[in-house]
Amino acid sequence: MRCSRQLPMPSKPGYGRGREHNMTPRKGLQLETILNTAAAIADTKGLEQVTLASVAAELGVRSPSLYNHVNGLPELKELLATRGLKLLNDRFAAAEKGAPKGERLLAYADAYLAFAEECPGLYELTLKSPAGGTDLQQELASSLVAKMIEAMQTLGIRGEEAIHAVRGFRSLLHGASIGQKGGFGMPVDVKASIHFVLNSYIRGLVVAVDESSRTD
């Protein structure tokens with residue numbers, strides 16, 4: 001599943017610039033087309049630019065036409081959040097194929113950061129706590145966490161310690177996602193820096209768990 005698609009090209013002067021311009025209604029408008037367009041706006045212009053008016057303008061329809069498919073902007077963003085979580089799950093599944101169990105965390109990290117870079121709007125929507133989301137969003141978010149916990153368990157990190165470790169891991173990934181957008185100015189490979197930090201974090205966890213087991 002792609003993050004989005006390219007925004008439609010103007011078919012005549014004024015197309016996609018606002019409702020005050022004449023528009024040719026799109027026949028057979030589908031929900032998938034609406035979501036593709038909204039995702040493209042979120043990823044290229046910023047999540048705050050996703051409105052019913054902006055989506056309708058890009059599609060060459062008027063805002064009320066969208067209500068045949070979504071019950072307002074909140075539902076549209078909920079659907080985009082679900083798309084983002086599905087896509088991230090797909091990328092995790094692809095990343096773990098062929099990755100040795102001891103290297104799954106780094107494989108997940110690469111998949112996570114690639115998603116954050118390629119789909120910044122959808123990524124932002126996946127950051128909110130799933131507790132207030134739909135049942136499907138909670139299921140998808142839980143699946144991501146379960147994969148990371150399982151990867152921690154292969155390293156001997158279990159129980160509450162695995163949950164603590166995953167929280168730290170996710171925090172590092174989010175910080176790295178900000179840095180890879182241009183937050184690091186020194187001429188050193190950013191991906192290499194991220195791998196160095198994550199490997200150091202993982203090794204530290206393994207050592208800490210090993211020392212804890214010896215003292216118990």
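Structure first, text after, so check above.
Q: Is there a simple way to think about the packing of helix α1 (residues 31-45) against helix α4 (residues 73-96) in this case?
A: Each pair of packed helices can be described by the angle between their axes along with the distance between the axes. Running from N to C, α1 and α4 point in directions that differ by 80°, and their axes come no closer than 10 Å. The angle between α1 and α4 places the two elements in the roughly perpendicular class. Counted together, Leu31, Glu32, Ile34, Leu35, Asn36, Ala38 and Ala39 of α1 and Leu76, Leu79, Leu80 and Arg83 of α4 form the full contact between these two elements. Along the lines of polarity and charge, the residues of the contact of α1 with α4 split into eight nonpolar, one polar and two charged.

Q: Can you help me understand the packing of aromatic side chains in this one?
A: Two numbers describe a pair of aromatic rings. These are the distance of the centres and the angle of the planes. The full count for this structure, using the stated rule, is three aromatic pairs. Relative to tyrosine 108, the ring of phenylalanine 92 lies with its centre 4.6 Å away and its plane at 5°, an arrangement referred to as stacked. Of this pair, phenylalanine 92 sits in helix α4 while tyrosine 108 sits in helix α5 (residues 104-118); the two residues are 16 residues apart in sequence, bridging distant segments of the chain. Residue classification places phenylalanine 92 among the buried positions, given a relative accessible area of 1%. Ring centres 6.3 Å apart and planes at 80° place the aromatic pair phenylalanine 115 and tyrosine 123 in the edge-to-face group. No difference in accessibility class separates phenylalanine 115 from tyrosine 123, as the two residues are buried. An aromatic cluster is present here, built from Tyr112, Phe115 and Tyr123 joined pairwise through their rings.

Q: Quick question: what am I supposed to make of the state of the cysteines here?
A: Disulfide: a covalent bond formed between the sulfur atoms of two cysteine residues. Tallying each qualifying case throughout the model produces one disulfide. Bridging cysteine 3 to cysteine 119, the disulfide has an S-S length of 1.5 Å. Note that cysteine 3 is positioned in the segment before α1 and cysteine 119 in the loop between α5 and α6 (120-126), a separation of 116 residues in sequence. The same class applies to cysteine 3 and to cysteine 119, which are both buried.

Thresholds applied
- Residues numbered from 1 in each chain as written.
- Predicted model: local features only at pLDDT ≥ 70, side-chain atom pairs only at ≥ 80, totals over all residues.
- Heavy atoms only, no water.
- Axes fitted to C-alpha atoms, helices over the stretch in contact; angles between N-to-C directions.
- Helix = DSSP H or I, 4+ residues; strand = E, 2+ residues; numbered from the N terminus.
- Parallel < 35°, antiparallel > 145°, perpendicular 65-115°, else oblique.
- Contact = heavy atoms within 4.5 Å.
- Nonpolar A, V, L, I, M, F, W, Y, C, P; charged D, E, K, R; others polar.
- Phe/Tyr/Trp six-rings, centres within 6.5 Å; stacked < 30°, edge-to-face > 60°.
- Buried < 20%, exposed > 50% of the residue type's maximum accessible area, 1.4 Å probe, protein only.
- Disulfide = S-S within 2.5 Å.

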